[in-house]
Amino acid sequence: MKARFLIPLAVFLLLIGLFLVGLQLDPREVPSPLIDKPAPQFSLPDLQDESKTVSTEDLKKHKVSLFNVWASWCVACRQEHPLLVELSRQGVVPIYGLNYKDKRPDALNWLNRLGNPYTASAFDEKGRVGIDWGVYGVPETFVVDSKGVIRYKQIGPITEEAWQETILPLIEKIRAEEG
Amino acid sequence: MLPELGNFALILAMSVALAQGIIPLIGASRGIPGWIAFARPAAWTQFLFLLISFGILTYAFVTNDFSVAYVANNSNTALPLGYRISAVWGGHEGSLLLWVMLMGAWSAAVGMFSKRLPPEMVARVLAVMGLVSVGFTAFVVFTSNPFDRYYPAPVDGRDLNPLLQDIGLILHPPMLYMGYVGFSVAFAFAIAALLGGKLDAAWARWSRPWTIIAWVFLTLGIALGSWWAYYELGWGGWWFWDPVENASFLPWLTGTALMHSLAVSEKRSTFKSWTVLLAIFAFSLCLLGTFLVRSGVLTSVHAFASDPTRGVFVLMLLGIVVGASLLIYAWRAPQVKSAGNFALLSRETFLLGNNVLLVVATATILLGTIYPLILDALNLGKISVGPPYFNAVFVPLMIPLIIVLGIGPLSRWKQDEFGRLAKLLRGALVGSLVLGVIIPWLLFGRFDLMVIVGTTISLWLAFTIFLDLIYRSRHKTNFWKGLVGQPLSFYGMSLAHLGVAVTVVGITFSSYYSLEKDLRMAPGDQLELGGYLFRFDGVQSNHGPNYTATEGIITVSQNGKSIATLHTQKRIYVVQQMPMTEAGIDPGLFRDLYVALGEPLGDGGWAVRIYYKPFIRWIWLGGLLMAIGGVLAASDRRYRLMAKRKAGSVSAKLAVQES
């Protein structure tokens, strides 16, 4: 057995090890340490109007709101977007956006093109706020109550299943709590 | 009762597959004829049980048996019958059942069409396929059983994902799976040849038609998926470098390399251990794709319900299958002797260039696909690798590939002369350079470097294909006779290569010269785009069996003549309350007109997206040509000829004639 014929096997074993670690880290399965903790404070310029700011205080104005991390470069956000637009059209829940590591013209163009479901979008060009919030990838969605506490975190696009089975019941529950 | 029988049939299929994987293998190594002969009937029996199982699941869908959890989750009484049948593979469990059923079909086909192969070879090939089949059937039975019951049964089902309620998606998964599973045949041949120690021209010749057919299915599957994304997702895009798309593209690239490398192994008896490795890689990438898609380690637009136990299971399967085959490779491949040698300027070199470029392309795309996972695993943060990376690395690799592709078929095996090739090709070179500049300018009135490059290499490819045709027919007494005298495999190759040129033209023109406009339109508003006048005639309500829709109507006219009325819908599927966009498209060979309805903007105005996409059909037309080319090549009579004679003794003689 010559050593060089073992190279493919060695590379493959390395890859398998990597995938094993990857499975442990499975981002969809790991709950955020921030759940049931106060949302990290932030204050960022409004995407659409630089003179205004969007901050944690805005989230607290509502009994419950969604905080959705999005970017124009993110493919999965496109998949999620029609659902957000539909929710905003029906006025189910206020949705705030965190426009993450994006360019302003691209982001505005995206909203013009696909519809703007957001009450307001915070413009997080450098991604600092995203780091505070423990954003793994885009899109992510947080459910925040009126005390500014994060109640749930959805990693990846909001699926029909997650919406019907988890997020919507939770929103209704929070509304009931607040009376 | 029936679903339990289906489950039972599935378990029986798994047991038969286990026997099919063990008994013939022992028989072949010990030389026990009865055990060797066991392989074929076992493969057929296994297929029969899988067919029964699949049939029962289909029946449950047709009869709306919502006591079966999988049916309840993926169907609904309002769903039309056609979609109820396609819903069988609309979710994770059922699509895996389709996968194992198709795997059984390939095994049965190998058993059927291998009458002239040495019995030990057939036994080993079917045994390897049986073992792979055990793994996948066990995956279905233990982690993803489609026959699990709900008790009490729900009154109605949760409906099929609206994205999947479409003809493109009915055909896309079976095609893709036929391709994935088909590569298991090439894989099994490679492992069987390694085990038997007979890595010769005959092995390469047997593998070739199977590999080509698998590749044809994969090509069609990818093309269908891309076409579906184009008209169904409503963004007018046709390829997104999404992990799941990459998962199908990686085996395609490797499979393409494998087909060409098999040609060298067959004709020249070199590259053999490399070819074996490619066969292992191609199938491994199919398995890897399955892992990436089903385990949820990567975020993708293709949402399959992910479950960590499934991820672990597929990873184990991947580890065992690929690890074992690479171990066999490391053990056996050093004994393989390459017979032929070749000069630097020869067809072997060009095919080697093809292989290197395709494998490098595979590696870079694989890297881009799993890079987010690598960073995540090493705790270096989370990133998303997007189309900019893939386009930047992939395009520069494809340009030299296509240039080489033009020369390869015209070059000679073993040794060629630079002068001869230069003389033969200079006309094509000058012609493609000149026309490559002129044609885009005539069509679009602009000069863009990448468009000139794209057009030039496509023309170069097309010219060299016709040169080849003329060159091969010139010695015959009459040109027509020369043309007819060429083998089918030659026409297949030429057609497939022409398909590449056609696809490149489609990609180049549609990416550089598409026009798009997002605007607010009220009834009566007009817009001119690409020489066409679009008039918005307002919206109307509409409904289908399981959705309600708002339908926008846009009339298109050119030079004052009305040429099309486009209907674009925003649908809300009742059960899942999921909004969907249906684009309105007027297709054409040279341009598509594409409209999609956006959001209502008040005062009767609507957001409307209008695209003019030149030559976009060529992308899929090229894919179709490649697939037809593959079918022609695989049906060449020498493969049937080989089947009629005793294998082995004749292959050497044929190889000389063919070259």
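Model, not experiment: these values are computed from the prediction.

Structural notes on the pairing of strand S6 (residues 578–582) of chain B
Residues Met-578, Met-580 and Glu-582 of chain B line the buried face of S6 of chain B, whereas the alternating positions Pro-579 and Thr-581 of chain B sit on a face that is not buried. The antiparallel pairing of strand S5 (residues 561–573) of chain B with S6 of chain B creates a hairpin that spans four residues between the two strands, and Gln-577 of chain B there sits at a positive phi of about 50°.

Let's talk about the packing of helix H16 (residues 449–473) of chain B against helix H18 (residues 488–513) of chain B
Residues and elements named next belong to chain B. Two elements in contact, H16 and H18, have axes whose closest approach is 9 Å; the angle formed by their N-to-C orientations is 165°. The pairing of H16 with H18 is recorded here as roughly antiparallel in orientation. Considering the relative orientation of H16 and H18, their crossing is left-handed. Facing H16, whose interface residues are Met-450, Val-451, Gly-454, Thr-455, Ile-457, Ser-458, Leu-461, Ala-462, Ile-465, Asp-468 and Leu-469, H18 presents Ser-494, His-497, Leu-498, Val-500, Ala-501, Val-504, Val-505, Thr-508 and Tyr-512. Looking at the contact of H16 with H18, its residues break down into 13 nonpolar, six polar and one charged.

Description of the domain arrangement of chain B
Residues and elements named next belong to chain B. If you check the domain split of chain B, you get domain 1 (1–165), domain 2 (197–416), domain 3 (418–513) and domain 4 (516–615). A straight line from the C-alpha centre of domain 1 to that of domain 4 covers 43 Å. If you look at the interface, domain 1 gives eight residues, while domain 4 gives seven residues. Residue classes in the side of domain 1 that touches domain 4 are distributed as five nonpolar, one polar and two charged.

Some thoughts on the sheet that holds strand S8 (residues 591–602) of chain B
All names here are of chain B. Reading across from one edge, S1-S9-S8-S7 is the order of the four strands in this open sheet, with antiparallel pairing throughout. For this open sheet the edge positions go to strand S1 (515–521) and strand S7 (584–586), each flanked by a neighbour on one side alone. Between one strand axis and the next, the sheet turns through 20° on average, direction left out of account. Judged from the three bridges that link them, S7 and S8 form a sheet pairing that is antiparallel. Following the sheet pairing, Ile-585 is matched in S8 by Tyr-594.

Quick word on the pairing of strand S4 (residues 547–558) of chain B
All names here are of chain B. The pairing of strand S3 (residues 532–543) with S4 spans nine bridges and is classified as antiparallel. Residue pairing across strands places Val-539 opposite Gly-552, the latter belonging to S4. With antiparallel pairing between neighbouring strands as the criterion, S3 and S4 make up a hairpin whose turn holds three residues. Pairing analysis gives twelve bridges linking S4 to S5, with the strands arranged antiparallel. Bridge pairing in S5 links Ile-554 to Leu-566. Between S4 and the antiparallel strand that follows it, S5, lie two residues; Asn-559 among them carries a positive phi value of about 50°.

Rules used in this analysis
Residues numbered from 1 in each chain as written. Chains lettered and ligands numbered in written order. Predicted model: local features only at pLDDT ≥ 70, side-chain atom pairs only at ≥ 80, totals over all residues. Buried ≥ 20, exposed ≤ 12 C-beta atoms within 10 Å, placed from the backbone. Helix = DSSP H or I, 4+ residues; strand = E, 2+ residues; numbered from the N terminus. Pairing = 2+ DSSP bridges. Axes fitted to C-alpha atoms, helices over the stretch in contact; angles between N-to-C directions. Parallel < 35°, antiparallel > 145°, perpendicular 65-115°, else oblique. Left-handed = near helix turned anticlockwise from the far one by under 90°. Contact = placed C-beta atoms within 7 Å. Nonpolar A, V, L, I, M, F, W, Y, C, P; charged D, E, K, R; others polar. Domains from an automatic or database assignment.

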